[in-house]
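Spelled out from the first residue to the last, the chains are:
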Amino acid sequence: QVQLVESGGGWVQAGGSLRLSCIVTGRTDNFYMMGWFRRAPGKQRESLARITWSAGVPSYSDSVKGRFTISRDATKKTMFLQMNNLEPEDTAVYYCAAKRMFSDDFRMWGQGTQVTVSS
């Protein structure tokens, strides 16, 4: 059974940085893509960044482009999100997710890690 576990969240002042990690247990050879998402209080879930598992090709939403960097270490079954220049609006629960090949959506999700940015 595949499990995704996020870590690295916490409290930071505006302008600071955090690095999130998502460790995968179980098989990843059938992964097509992984991604980072977040849900802020009272808002819908937002897609932040995605990366193809095999080739490591990233893509970003406009809200985080230039501030966040997604990466992965396939040998360690780990994905990262480096977040720089954080803003209070980045406060949310951050989730990692995985999408298998031939799947129509992200079906595997972690439990989330809280990120709080104070002004």
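Please refer to the structure higher up on the page.
These lines cover the structure that appears in this document, whether it is placed above or below.

About the criteria used
Residues numbered from 1 in each chain as written. Predicted model: local features only at pLDDT ≥ 70, side-chain atom pairs only at ≥ 80, totals over all residues. Heavy atoms only, no water. Pairing = 2+ DSSP bridges. Helix = DSSP H or I, 4+ residues; strand = E, 2+ residues; numbered from the N terminus. Axes fitted to C-alpha atoms, helices over the stretch in contact; angles between N-to-C directions. Salt bridge = Lys/Arg side-chain N within 4 Å of Asp/Glu carboxyl O. Buried < 20%, exposed > 50% of the residue type's maximum accessible area, 1.4 Å probe, protein only. Core = buried A, V, L, I, M, F, W, Y, C linked by side-chain atoms within 4.5 Å. Contact = heavy atoms within 4.5 Å. Patch = residues over 30% accessible without salt bridge, like charges linked within 9 Å, V, L, I, M, F, W, Y side chains within 5 Å. Areas by Shrake-Rupley, 256 points an atom, 1.4 Å probe, with all protein chains shown as cover. Polar contact = N/O pair within 3.5 Å; in protein donor to acceptor, adjacent residues only side chain to side chain.

Some thoughts on the sheet that holds strand E3 (residues 18-25)
If you trace the four strands from one edge of the open sheet to the other, you get E1-E3-E8-E7, paired in antiparallel fashion. Looking at strand neighbours, the two that pair on one side only are strand E1 (3-7) and strand E7 (68-73), the edges of this open sheet. Along the sheet, successive strands turn relative to each other by an average axial angle of 15°, direction set aside.

Quick notes on the pattern of salt bridges
This model, assessed by the stated rule, comprises six salt bridges. Across the pair Asp29 and Arg27 runs a salt bridge, and its minimum N-O distance is 2.7 Å. The exposure class of Asp29 is exposed, given its relative accessible area of 54%. Linking Arg38 and Glu46 is a salt bridge whose minimum nitrogen-to-oxygen distance equals 2.9 Å.

Digging into the nonpolar core
Counting 29 residues, the largest nonpolar core has Leu4, Met34, Leu81, Met83 and Tyr94 as the members making the most contacts within it. Elements represented by at least two residues in this core include exactly E3, strand E4 (31-39), strand E5 (46-52), E7, strand E8 (78-83), strand E9 (92-100) and strand E11 (113-118). Residue contacts for Tyr94: discarding those within four places in its chain leaves Glu6, Leu20, Phe37, Arg38, Leu48, Phe68, Leu81, Met83, Gly112, Thr113 and Val115.

So, unusual backbone geometry
For Asn85, which is not a glycine, the phi torsion comes out positive at approximately 50°. In this fold, Asn85 is placed in the loop between E8 and E9. What makes Asn85 partly exposed here is its relative accessible area of 44%. Positioned with a positive phi, Phe102 is a non-glycine residue whose angle comes to about 70°. Considering the arrangement of structural elements, one finds Phe102 in the loop between E9 and strand E10 (108-109).

Quick notes on the pairing of E3
The pairing of E1 with E3 spans five bridges and is antiparallel. Residue pairing across strands places Leu4 opposite Val24, the latter belonging to E3. Pairing of E3 with E8, which is carried by six bridges, proceeds in the antiparallel orientation. Along E8, the bridge assignment pairs Ser21 with Phe80.

Comments concerning a nonpolar patch on the surface
A surface patch of nonpolar side chains, about 410 Å² in accessible area, is lined by Tyr32, Met101 and Phe102. Examined against the element boundaries, Met101 turns out to sit in the loop between E9 and E10. The exposure class assigned to Met101 is partly exposed, which follows from its relative accessible area of 40%.

Details of the side chain of Asp90
Along the chain, the position of Asp90 falls in the loop between E8 and E9. According to the relative accessible area criterion, Asp90 is buried, its value standing at 2%. Engagement of the side chain of Asp90 in a polar contact is seen with the side chain of Arg67, the distance being 2.7 Å.

Shape descriptors only; they carry no functional weight alone.
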